[in-house]
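# Close look at the chain arrangement
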Amino acid sequence: MKNLPDSAIKTLLIAYHLYKEVGADRQAASLCCSLADVYRQKKDYQKAKEYILQYERDSGFFDENGNIVKIRTDRQRYDENQNDEKAKYDENDNISLEQIYDHIKIYSGSHL
């Protein structure tokens, strides 16, 4: 299992380039989070940071200063996964970064 992170990186990079080839730039950007996580697990923090910064540049969710400018949530899917009948978030809610992080983990199926 020693090479598992390396094979994950290879697979993620192939998927990244395929998304880019077909113009699916946001989907490609989303893979940067997974790449960052694999590099974090390998304790290659510089490479992990590079992919997080690339995600921030390419996702469309951050401005040039790294501030969140928009968040897209799939409330129905999120709520169904939580077996809850009402929306978790309202448009007027103040959502903490921790809540956003938890939502991203649930939405992406990631185990960050």
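Placed above this text is the structure.
Thresholds, definitions, all that
- Residues numbered from 1 in each chain as written.
- Predicted model: local features only at pLDDT ≥ 70, side-chain atom pairs only at ≥ 80, totals over all residues.
- Heavy atoms only, no water.
- Helix = DSSP H or I, 4+ residues; strand = E, 2+ residues; numbered from the N terminus.
- Buried < 20%, exposed > 50% of the residue type's maximum accessible area, 1.4 Å probe, protein only.
- Areas by Shrake-Rupley, 256 points an atom, 1.4 Å probe, with all protein chains shown as cover.
- Axes fitted to C-alpha atoms, helices over the stretch in contact; angles between N-to-C directions.
- Parallel < 35°, antiparallel > 145°, perpendicular 65-115°, else oblique.
- Left-handed = near helix turned anticlockwise from the far one by under 90°.
- Contact = heavy atoms within 4.5 Å.
- Nonpolar A, V, L, I, M, F, W, Y, C, P; charged D, E, K, R; others polar.
- Expected span 1.5 Å × (residues − 1).
- Arc of directions from axis to C-beta.
- Salt bridge = Lys/Arg side-chain N within 4 Å of Asp/Glu carboxyl O.

## Some remarks on the overall build of the protein chain
Along the backbone of the protein chain there are five helices and zero strands. For the protein chain, the α and β elements follow one another from N to C terminus as α-α-α-α-α. Considering the protein chain as a whole, with its 112 residues, one finds that 21% of them fall into the buried category. Working note: accessible area of the protein chain is about 8400 Å², and carbon and sulfur atoms make up 49% of it.

## Some details on the packing of helix 2 (residues 25-41) against helix 3 (residues 45-58)
Relative to each other, helix 2 and helix 3 sit at 165°, their axes nearing to 8 Å. Between helix 2 and helix 3, the interaxial angle falls into the category roughly antiparallel. Here helix 2 and helix 3 pass one another in a crossing that is left-handed. Contact residues: A29, S30, C32, C33, L35, A36, Y39 and R40 in helix 2; Y45, K47, A48, Y51, I52, Q54, Y55 and D58 in helix 3. Its residues placed into classes, the contact of helix 2 with helix 3 shows eleven nonpolar, two polar and three charged.

## Some details on helix 1 (residues 4-21)
Its 18 residues place the ends of helix 1 26 Å apart at the C-alpha level, agreeing with the 26 Å of an ideal helix rising 1.5 Å per residue. Turning to helix 1, its buried residues are I9, L12 and Y16. End-on, the buried residues of helix 1 take up no more than an arc of 70°, which puts them together on one face. Exposed residues pointing more than 90 degrees away from the buried face of helix 1 are listed as L4, K10, T11 and E21.

## What about the pattern of salt bridges?
When charged atoms on two side chains of opposite charge get close, those side chains can pair. All told, the structure shown has four salt bridges when counted by the stated rule. Of the charged contacts in the structure, one is a salt bridge between D37 and R40, with a shortest N-O distance of 2.7 Å. With a gap of three residues between them, D37 and R40 both fall in helix 2, about one helical turn apart. In this structure D37 comes out as buried when scored by relative accessible area, which is 10%. Across the pair E50 and K47 runs a salt bridge whose closest N-O atoms are separated by 3.7 Å. Placement of the pair is E50 and K47 together in helix 3, with a separation of three residues, close to one helical turn. According to the relative accessible area criterion, K47 is partly exposed, its value standing at 28%.

Keep in mind these numbers describe shape, not what the thing actually does.
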